[in-house]
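A structural walkthrough
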Amino acid sequence: MAKIWNEEIECMSLEDMKKLQSERLVKQVKHVYENVPYYKDLMDKKGVKPEDIQSVDDLHKLPFLTKADLRDAYPYGLLAKPLSECVRIQSTSGTTGKRVVAFYTQNDIDLWEDCCARAITAVGGTEEDVCQVCYGYGLFTGGPGLNGGSHKVGCLTLPMSSGNTERQIQFMCDLESTILCCTPSYAAYIGETLHDMGYTPDDIKLKAGIFGAEPWTEEMRRSIEKSLGIKAYDIYGLTETSGPGVSFECEEQTGMHINEDHFIPEIIDPETGEVLPDGTVGELVFTSITKEAFPLLRYRTRDLCVLSRKKCSCGRTLIKMSKPMGRSDDMLIIRGVNVFPSQIETVLIEQGYTPNYLIEVDRKNNTDTLDVNVEMTAEQSAEDAAAIQEREKQLAVAMKTMLGINPKVHLVAPKSITRSEGKAVRVIDKRKLHD
Ligand code: ADP
Ligand code: ZN
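The notes below deal with the structure included here. (Residues numbered from 1 in each chain as written. Chains lettered and ligands numbered in written order. Predicted model: local features only at pLDDT ≥ 70, side-chain atom pairs only at ≥ 80, totals over all residues. Heavy atoms only, no water.)

As a further point, take the overall build of the protein chain. Looking only at helices and strands, the protein chain has 13 helices and 20 strands in total. At 22 Å, the protein chain has a C-alpha radius of gyration in line with the 22 Å of a compact globule built from 435 residues. Principal-axis analysis of the C-alpha atoms gives the protein chain an extent of 75 × 55 × 40 Å. When burial is assessed residue by residue, the protein chain has 56% of its 435 residues classed as buried. (Helix = DSSP H or I, 4+ residues; strand = E, 2+ residues; numbered from the N terminus. Rg over C-alpha atoms; globule rule 2.2 N^0.38 Å. Buried < 20%, exposed > 50% of the residue type's maximum accessible area, 1.4 Å probe, protein only.)

This brings us to the pattern of salt bridges. As enumerated under the stated definition, the model contains 31 salt bridges in all. The partner of Glu34 in a salt bridge is Lys30, with the nearest N and O atoms 3.4 Å apart. In this pair, Glu34 and Lys30 are both assigned in helix 2 (residues 14–35), four residues apart and thus about one turn of the helix distant. Taking relative accessible area as the criterion, Glu34 reaches 54% and is therefore assigned exposed. It is possible to trace a salt-bridge network through shared partners that takes in Glu192, Asp196, Glu375, Lys415 and Arg419. (Salt bridge = Lys/Arg side-chain N within 4 Å of Asp/Glu carboxyl O.)

Taken in spatial order, the three strands of this open sheet run 10-11-12, and their pairing is antiparallel. Strands with a single pairing partner mark the edges of an open sheet, and in this sheet they are strand 10 (263–268) and strand 12 (299–305). The sheet shows a mean angle of 30 degrees between the axes of neighbouring strands, direction not considered. Across four bridges, strand 11 (residues 282–288) lies against strand 12 in antiparallel orientation. Bridged to Val285 within strand 12 is Arg300. (Pairing = 2+ DSSP bridges. Axes fitted to C-alpha atoms, helices over the stretch in contact; angles between N-to-C directions.)

Another point: the pairing of strand 4 (residues 156–159). The sheet contact formed by strand 3 (residues 130–133) and strand 4 spans four bridges and is parallel. Within strand 4, the residue paired with Gln132 across the bridge is Leu158. In this fold, strand 3 hands off to helix 6 (residues 142–153), which returns the chain to strand 4; that crossover is right-handed. (Right-handed = clockwise from strand over helix to strand, strands pointing away.)

A few words on the coordination of the zinc ion (ligand 2). Donor atoms from the polypeptide that coordinate the zinc ion (ligand 2) comprise Cys250 (SG), His257 (NE2), Cys312 (SG) and Cys314 (SG), at 2.1 to 2.3 Å from the metal. For the zinc ion (ligand 2), the four donor atoms in the first shell make angles of 104 to 114 degrees at the metal, a pattern classed as tetrahedral. Summarised as a motif, the one-chain spacing of the donors to the zinc ion (ligand 2) is C-x6-H-x54-C-x1-C. In this pair, Cys250 sits in the loop between strand 8 (243–249) and strand 9 (256–258) while Cys314 sits in the loop between strand 13 (307–308) and strand 14 (320–321), placing the two residues 64 residues apart along the sequence. Judged by relative accessible area, which is 7%, Cys314 ranks as buried. (Donors = N, O, S within 2.8 Å, 3.2 Å for Na, K, Ca; no water. Tetrahedral: all angles 85-135°; square planar, octahedral: opposite > 155°, others 65-115°.)

Right, let's get into the environment of Leu146. With respect to the secondary-structure elements, Leu146 resides in helix 6. Not counting the four nearest positions on each side in its chain, Leu146 is found in contact with Cys116, Ile120, Val133, Tyr135, Cys181, Ile235 and Pro244. (Contact = heavy atoms within 4.5 Å.)

Contact geometry of helix 8 (residues 184–196) with helix 9 (residues 218–228) gives a least axis separation of 9 Å together with a crossing angle of 35 degrees. Pair helix 8 / helix 9 crosses with left-handed handedness. Contact residues: helix 8 offers Pro184, Ser185, Ala187, Ala188, Ile190, Gly191, Leu194 and His195, while helix 9 offers Met220, Ile224, Ser227 and Leu228. Residues that form the contact of helix 8 with helix 9 fall into these classes: eight nonpolar, four polar and no charged. (Left-handed = near helix turned anticlockwise from the far one by under 90°. Nonpolar A, V, L, I, M, F, W, Y, C, P; charged D, E, K, R; others polar.)

Before going further, it helps to examine the pairing of strand 19 (residues 408–412). What you see with strand 19 is a clean split: Val409 and Leu411 sit on the buried side and Lys408, His410 and Val412 on the side with no burial. Judged from the five bridges that link them, strand 18 (residues 367–375) and strand 19 form a sheet pairing that is parallel. Residue Asp371 lies in a different strand from strand 19, and its bridge partner there is Lys408.

Another point: the side chain of Asp129. In this fold, Asp129 is placed in the loop between helix 5 (106–122) and strand 3. With relative accessibility at 4%, the residue Asp129 sits in the buried group. Within the structure, Asp129 has its side chain in polar contact with the side chain of Lys207 (distance 2.9 Å). Other than its neighbours up to four places away in sequence, Asp129 contacts Gly124, Cys155, Leu156, Thr178, Ile179 and Lys207. (Polar contact = N/O pair within 3.5 Å; in protein donor to acceptor, adjacent residues only side chain to side chain.)

Let's shift gears to empty space enclosed by the protein. One pass over the structure, following the stated rule, counts three cavities of 30 Å³ or more. In this structure, the largest cavity encloses a volume near 70 Å³. Considering the residues around the largest cavity, the lining is formed by Asp108, Leu111, Trp112, Cys115, Thr241, Ser242, Pro244, Gly245, His262, Phe263, Thr290 and Lys291. Elements supplying a minimum of two residues to the lining of the largest cavity: helix 5 and strand 8. Considering every element that reaches the lining of the largest cavity, the biggest residue donor is helix 5, with four residues. Among the residues making up the lining of the largest cavity, the classes are represented as five nonpolar, five polar and two charged. By volume, the second largest cavity amounts to about 50 Å³. Along the walls of the second largest cavity sit Leu70, Ala73, Tyr74, Pro75, Tyr76, Gly77, Leu78, Val100, Val101 and Phe294, which together make up its complete lining. Residues belonging to the lining of the second largest cavity are distributed by class as follows: nine nonpolar, one polar and no charged. (1 Å grid on protein atoms, 1.4 Å probe; cavity = no way out; pocket = protein on both sides within 12 Å on 5 of 7 lines; lining within 4 Å. Points joined across faces, edges and corners; volume = space filled by probe spheres on them.)

A volume near 980 Å³ is recorded for the second largest pocket. Residue lining of the second largest pocket: 37 residues in total, with Ala188, Glu192, Thr354, Pro355 and Asn356 positioned closest to the centre. Looking at the lining of the second largest pocket, the elements that each hand over two or more residues are helix 8, helix 9, strand 17 (357–364) and helix 11 (378–381). The residue makeup of the lining of the second largest pocket, split by class, is 15 nonpolar, eleven polar and eleven charged.

Take a look at the structure:
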């Protein structure tokens, strides 16, 4: 069984955790109210004073913060410490618009890296391991976060960053990497390249992967596990709350434990803002209770998931969140029907295709159109035209069953869809371009 990085915290009783959270929350609200005029205004408008927050049970009284607030307050408006005490910035990948800049004190960096150390330990990482980090380094939080965590654990750290996939595999073989950290789409690409270079999973020493920063399905997990001969674990985070390591998977692989001593999660109804009970799907909201420079209170992530306090076999008591299957703004509304790219991915992998696909949405004659381009494997592409047409039909039927609407499926040549080295772009919504 994998070790636990900080047993006292990760296995704390619920009662003690609530006590710790309450103490930290009360202090944090005071800190923010006194140092962040932007949030003080929001609290004043809602008629909430720091004294109204005595424990986690009062959390719901605080106003929400949204990405729009972050853009409004850009760049310094939510800073809660003098710049002289800040040592780093990181920035979002800008997947859904203008970038957001987050600030860190040295203590913020230490706590963030500690969260990543918990994640690495949970997949069996120790000082004996060689940890290859192929998340992007730089402004993106993936590289720096896992790099710091890997150092803390004492792994031999390979700060590869993303790209140059053949070199990644060369190092993986020569230096006998045991843990791989990158986006799941890049992990799939590394697996594919490994096979193309004539290697099998037996030629490498990898045992675990820590994959996150984008949504991925269980089907994708199994496909990566097979191609690299590893166990693939999920990790979640966002720049606004520090980066990866807000939550991480343990050996049970049934959702990610949230580092609740730093981040208090809530699930809300995205329409009404009402707090929903554990076990209900809704939008994830986080309150950072230990961050100094950029402490967001009740930040709406737009990620949709479920929280669960079900006992975990790993011994950790930290609450778990399900895999977020996309953000509320990843959801496509096509002919009035809600469609997540992850549903399409599930169908494709179940039907024996690779996770290389591109969804195109458009509007023609006032009707939404959905085209799904799917790459064939080399064997599939060797079939005759009639067989390929039949495949397209079958895929369209399977997708119709999953989505409730009819897509047009186009099978395309192997390797014709651009591979991702970071966060994959799966959707082109041309309707937005017209508006
Ligand atoms: P951006 O918003 O520009 O993508 P970030 O790089 O900070 O900025 O990405 C954070 C977002 O990435 C999260 O809000 C979430 O939507 C997504 N994400 C991160 N980890 C995961 C994961 N394990 N599963 C699904 N989505 C994830
Ligand atoms: Zn667990």
